[in-house]
Amino acid sequence: MELLEDELDPARWAHLCSGPDHYPGGGADIPEVLRGLAGAEDHAEARKWADRLYELVFHDHSGGYLLPAEQVAPQLVRLASSERAGVRAVALGFLVYLGAGGPLWAEDCPGAGGFDRRVTDAVWAGLETYYAQLKAPEVTVRVAAFVLITVLEHEAMLALRGAARMAAEAGPPTTSERYRRTVERLHEHDWDPAFRRYLGLAKVDPLFGHGEEYRGIEYTY
């Protein structure tokens, strides 16, 4: 799946607060980084580009989004269908962090209103792609897709705190019927140890290993 090249003109990104200093103009570097990721020959190279992308999309200390996240998400959804397994695995893994929800760090930048919801909606738009990748021959791709789907399924629970969270954990399942059927099928058919490690977490822990400090999971793309 190709990138949306008509949306990668640096001029369209230049106004976005981005980068380590979160300055307007930092987003102009992102199109080149996305192209580098799309053309990566293997998983290691894809991770290198994703690490650079992370610096431009997330605030390093708080884990909060920066404004380019909204435009990056649809591009990563497309890369989740790449012909290159390393690109697919890393794109799906990066979407885990976008899909987990979180605050916008640069709230004083233009375009901040409703930002977190728009990012989440952009990630959800690729749900059919993520389910399709559960059948990929590469375990790294399957793991990334499964983690991403699980994070999206539990997004609402992640926002709960205190007694409300405890009640949700003790109550009936909050995930979709499709997700529950998928987990059952995977328990029967996917025996790769690397995959079953995450599958087992999903079965016993409705929060799937989520911590309080950051709403991601113990997973690295």
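Residues numbered from 1 in each chain as written. Predicted model: local features only at pLDDT ≥ 70, side-chain atom pairs only at ≥ 80, totals over all residues. Heavy atoms only, no water.

The next subject is the overall build of the chain. Helix and strand counts for the chain stand at 12 helices and 2 strands. Put simply, the chain runs from its N terminus to its C terminus through helices and strands in the order α-β-β-α-α-α-α-α-α-α-α-α-α-α. Looking at the 221 residues of the chain, the share that counts as buried comes to 49%. Counting contacts in the chain only where the partners sit at least 6 residues apart, residues at least 24 apart contribute 66% of the total. Roughly 10400 Å² of accessible area belongs to the chain as shown, and the carbon and sulfur atoms make up 53% of that amount. (Helix = DSSP H or I, 4+ residues; strand = E, 2+ residues; numbered from the N terminus. Buried < 20%, exposed > 50% of the residue type's maximum accessible area, 1.4 Å probe, protein only. Contact = heavy atoms within 4.5 Å. Areas by Shrake-Rupley, 256 points an atom, 1.4 Å probe, with all protein chains shown as cover.)

This next bit is on the side chain of Ser-82. Inspection of the secondary structure assignment puts Ser-82 in the loop between helix H4 (69–79) and helix H5 (85–99). Of note is the side chain of Ser-82, whose polar atom sits 3.0 Å from the backbone nitrogen of Arg-84. (Polar contact = N/O pair within 3.5 Å; in protein donor to acceptor, adjacent residues only side chain to side chain.)

We now examine the packing of aromatic side chains. Scanning all chains against the criterion turns up 4 aromatic pairs. With centroids separated by 6.3 Å and ring planes inclined at 15°, the aromatic side chains of Phe-146 and Tyr-179 adopt a geometry described as stacked. With Phe-146 in helix H8 (residues 139–153) and Tyr-179 in helix H11 (residues 177–189), this residue pair connects regions lying 33 residues apart in the sequence. We classify Tyr-179 as buried; its relative accessible area is 4%. We note Arg-196 situated over the ring of Trp-191; from NZ or CZ to the ring centre the distance is 4.0 Å. (Phe/Tyr/Trp six-rings, centres within 6.5 Å; stacked < 30°, edge-to-face > 60°. Lys NZ or Arg CZ within 6 Å of the ring centre and 35° of its normal.)

Turning to the pattern of salt bridges, a few remarks are in order. Should the charged atoms of two oppositely charged side chains come close, the side chains can pair. Summed over all chains, the structure comprises 8 salt bridges. Salt-bridge contacts for Glu-41 lead to Arg-84; the nearest nitrogen and oxygen are separated by 3.3 Å. Of this pair, Glu-41 sits in the loop between helix H2 (30–38) and helix H3 (43–57) while Arg-84 sits in the loop between H4 and H5, and the two are 43 residues apart along the sequence. Looking at Arg-84, the relative accessible area reads 33%, which means it is partly exposed. Residues joined in a network through salt bridges with shared partners are Asp-29, Arg-52 and Glu-55. (Salt bridge = Lys/Arg side-chain N within 4 Å of Asp/Glu carboxyl O.)

Interpretation note: all reported values are geometric properties and have no functional meaning in isolation.
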